[in-house]
Amino acid sequence: MVFGGANLDVLARSTTRAVAGTSNPGRVTRTPGGVGRNVAENLARLGTPVRLVAAVGQDDGGARLLEQTRAAGVDVDLVRRVGAATGSYTAVVDSDGELVVAVSDMRATELLGPADVAAAAAAVAGAALVVVDGNLTAAAVEAALGLAAQHGTAVVLEPVSVPKARVLAPVLDRWPVRTVTPNVAELAALTARSDDPDDPDDPGPSGLEEQVASLHARGVAQVWVRMGPEGSLLSTPDGVTHHASVDVEVVDATGAGDALLAAYCHALLAGAAPEEAAAYGQAAAALTVAGPHTVRPDLSDALVRSLL
């Protein structure tokens, strides 16, 4: 089960080094997107049966998004159609594939409430794993975590961004979460003792090691810290392992984190140890950044394993 955002992505890639404050030549593509939706599609392409709980508009964009997501193998019967326009994520990437700036319009996702989460109770009861995307409102995240706890289903929480990680931080004290997957900045936000992680009077634990330990102390079994080109660090009760990025030429970094997370979950569900799952996730992320698509249309378990 994946609870999260479903958007239409507008990806603009500059064909030369991007210059701020002026027009840049480039190419623009439009594809299905959204963290939750991307994770669900990656899971489906890898061979894991998956259901998506999200919200899209009653517009043509929403219809197209549902059609394409269903065609990729995702069960979208629990996706809600709402009055707001289907969400969008507009990103500008440099000629080297790195993100320059992005604007996210998540009004449709913000209309997904606890009642919509509760409607998925039967599906959660039969699920082996629940992934929750931090793009949801705090109330919807709490409802999803509560529903998973009620049915004893393990949860993976993706913070998404620093502002959303700050909102999610108190939730970790109220509901069991097996795995949290922040980047370094999100990790600091999740562990800050005040709403302002730079507050000199109450900054929270300092240093990555102390921040990871503080999440373990709050009941999180697996803390997987993403460090971009430096790979990732996985901390579990059995120890800490570093997983290097797979060396590939970057075409577009958009969607790498979503592939990383989906592949990790797929491997766990197939019986892999967390350390093996993290390595599998790094391979899926490398395959994603090596192509122009947010979700590789040819992604498969065999393709990922060919890179390991």
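The shown structure was predicted, so the numbers you read here are calculated from the model rather than taken from an experiment.

### A few points about the side chain of threonine 109
Logical step 1: Counting through the fold element by element, threonine 109 comes out in helix H3 (residues 107–110).
Logical step 2: The exposure class of threonine 109 is buried, given its relative accessible area of 1%.
Logical step 3: When sequence neighbours within four positions are dropped, the list of residues in contact with threonine 109 reads Gly5, Ala6, Asn7, Ala55, Asn135 and Leu136.

### Concerning the pairing of strand S8 (residues 99–105)
Every regular strand shows the same layout, with side chains that alternate between the two sheet faces.
Logical step 1: Note: strand S7 (residues 87–93) against S8, six bridges, orientation antiparallel. Bridged to tyrosine 89 within S8 is serine 104.

### What about the pattern of salt bridges?
Logical step 1: Enumeration over the complete set of coordinates arrives at twelve salt bridges.
Logical step 2: The shortest N-O distance in the salt bridge between glutamate 41 and arginine 37 comes to 2.7 Å. Of the two residues, glutamate 41 and arginine 37 both sit in helix H1 (residues 35–46), four residues apart, roughly one turn of that helix. Each member of the pair glutamate 41 and arginine 37 is classed as buried.
Logical step 3: Across the pair aspartate 301 and arginine 305 runs a salt bridge whose closest N-O atoms are separated by 3.1 Å. Of the two residues, aspartate 301 and arginine 305 are both situated in helix H12 (residues 301–307); the distance of four residues between them amounts to about one turn of the helix.
Logical step 4: Residue class for aspartate 301 comes out partly exposed when judged on its relative accessible area of 25%.
Logical step 5: When its relative accessible area of 45% is taken as the criterion, arginine 305 is described as partly exposed.
Logical step 6: Connected via shared salt-bridge partners are Arg17, Asp94 and Asp96.

### Observations concerning the sheet that holds strand S2 (residues 7–14)
Logical step 1: Read from one edge of the open sheet, four strands run S3-S2-S7-S8, paired in mixed fashion. In this open sheet, the two edge strands, each paired with only one partner strand, are strand S3 (26–33) and S8. Sheet twist, expressed as the mean angle between neighbouring strand axes with direction ignored, is 15°.
Logical step 2: As paired elements, S2 and S3 share eight bridges and run antiparallel to each other. Bridging from a neighbouring strand, asparagine 7 pairs with glycine 33 of S3.
Logical step 3: With respect to the sheet, helix H2 (residues 60–71) is in contact with S2 and S3, its orientation differing from that of S2 by roughly 90°.

### What to know about the packing of H1 against helix H10 (residues 256–269)
Logical step 1: Put simply, H1 and H10 touch, their axes get as near as 8 Å, and they point 45° apart. By the angle between their directions, the pair H1 and H10 is classed as oblique. Classified by chirality, the crossing of H10 by H1 is right-handed. Where H1 approaches H10, its residues Val35, Asn38, Val39, Asn42, Leu43 and Leu46 are matched on the opposing element by Asp258, Ala259, Leu261, Ala262, Ala263, Cys265 and His266.
Logical step 2: Looking at the contact of H1 with H10 residue by residue, the classes come out as nine nonpolar, three polar and one charged.

### So, the pairing of strand S10 (residues 154–158)
Logical step 1: Most of S10 sits out of view: five of its five residues are buried.
Logical step 2: By the alternation rule, side chains of S10 split into Ala154, Val156 and Glu158 and Val155 and Leu157, which are all buried.
Logical step 3: Handedness of the crossover joining strand S9 (residues 129–133) and S10 through helix H6 (residues 138–151): right-handed.
Logical step 4: Where S10 lies against strand S11 (residues 179–180), two bridges are found, and the strand directions are parallel. Bridge pairing in S11 places valine 156 opposite threonine 179.
Logical step 5: Following the backbone out of S10, through helix H7 (residues 162–168) and into the adjacent parallel S11, one traces a crossover that is right-handed.

Criteria and thresholds
Residues numbered from 1 in each chain as written. Predicted model: local features only at pLDDT ≥ 70, side-chain atom pairs only at ≥ 80, totals over all residues. Heavy atoms only, no water. Helix = DSSP H or I, 4+ residues; strand = E, 2+ residues; numbered from the N terminus. Buried < 20%, exposed > 50% of the residue type's maximum accessible area, 1.4 Å probe, protein only. Contact = heavy atoms within 4.5 Å. Pairing = 2+ DSSP bridges. Salt bridge = Lys/Arg side-chain N within 4 Å of Asp/Glu carboxyl O. Axes fitted to C-alpha atoms, helices over the stretch in contact; angles between N-to-C directions. Parallel < 35°, antiparallel > 145°, perpendicular 65-115°, else oblique. Left-handed = near helix turned anticlockwise from the far one by under 90°. Nonpolar A, V, L, I, M, F, W, Y, C, P; charged D, E, K, R; others polar. Right-handed = clockwise from strand over helix to strand, strands pointing away.

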